[in-house]
Amino acid sequence: DPDVVEAKFIKYMMDSFSSDPWFTLLVDRGWYDMVAMPMESLNSLSLFMGVGLLIGAFVVLLLVCVFNVRSRKREVGVLLSMGEVRGKVILQLALETLVPVLLGATAGVLLSGQTAAFAAKLLGAAEKGIEVGIEGWAIGLVYLCGMGLMLLASCVTAFKVLRFQPKKLLMAVE
């Protein structure tokens, strides 16, 4: 950014290349904006895509949880009529959703690391001095988003289970 170019850097460049007739140092905001503007728009586009993917993942996970509870209404009704605590039933349903989410997130992290390493090797990043890797905060973010989505979906599922009436569930004809 031309606004943050230090005077030391300008002096160093001018001292180093002042004898070169082809060297000209321009500190121009217009050139910077011309190059940086597409990168900023790409950044905002990727942010919107990430948010859209999270919303889509939440909707899919929510539907899976709701259909899972719906298909197991009778089982939940039997458990509740036998005196099982509603919280225990909700915890069981949440854990049955949590395990695949954790496995999927772990597989995604492992595969993305391997894919990044393969792409870097394919593109010759090592010869160019470019290191490719996945940072720890990104891995944490993947797990955090997965667990957050799962907890939201479990809350909706829990609300549905809390409304169940065991007697009505068992008397309903399927």
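Basis of the calculations
- Residues numbered from 1 in each chain as written.
- Predicted model: local features only at pLDDT ≥ 70, side-chain atom pairs only at ≥ 80, totals over all residues.
- Heavy atoms only, no water.
- Helix = DSSP H or I, 4+ residues; strand = E, 2+ residues; numbered from the N terminus.
- Buried < 20%, exposed > 50% of the residue type's maximum accessible area, 1.4 Å probe, protein only.
- Core = buried A, V, L, I, M, F, W, Y, C linked by side-chain atoms within 4.5 Å.
- Contact = heavy atoms within 4.5 Å.

## Here we look at the environment of Met171
Relative to the helices and strands, Met171 resides in helix 6 (residues 166-171). Judged by its relative accessible area of 59%, Met171 falls in the exposed class. Separated by 37 residues in the primary sequence, Met171 and Ile134 have C-alpha atoms spaced 54 Å apart.

## Here we look at the nonpolar core
Judged by nonpolar contacts, Val69, Val76, Leu80, Val89, Ile90, Leu93, Ala158, Val161, Phe164 and Leu169 together constitute the single largest core of 10 residues. At the level of elements, helix 3 (73-81), helix 4 (86-123) and helix 5 (136-162) are the ones that each hand at least two residues to this core. In terms of residues, this core owes the most to one element, helix 4, which gives three residues. Leu80 has contacts with Arg86, Val89, Phe164 and Pro166, leaving out every residue within four places of it along the chain. Within the second largest apolar cluster, eight residues are counted, among which are Leu62, Cys65, Leu149 and Ala153.

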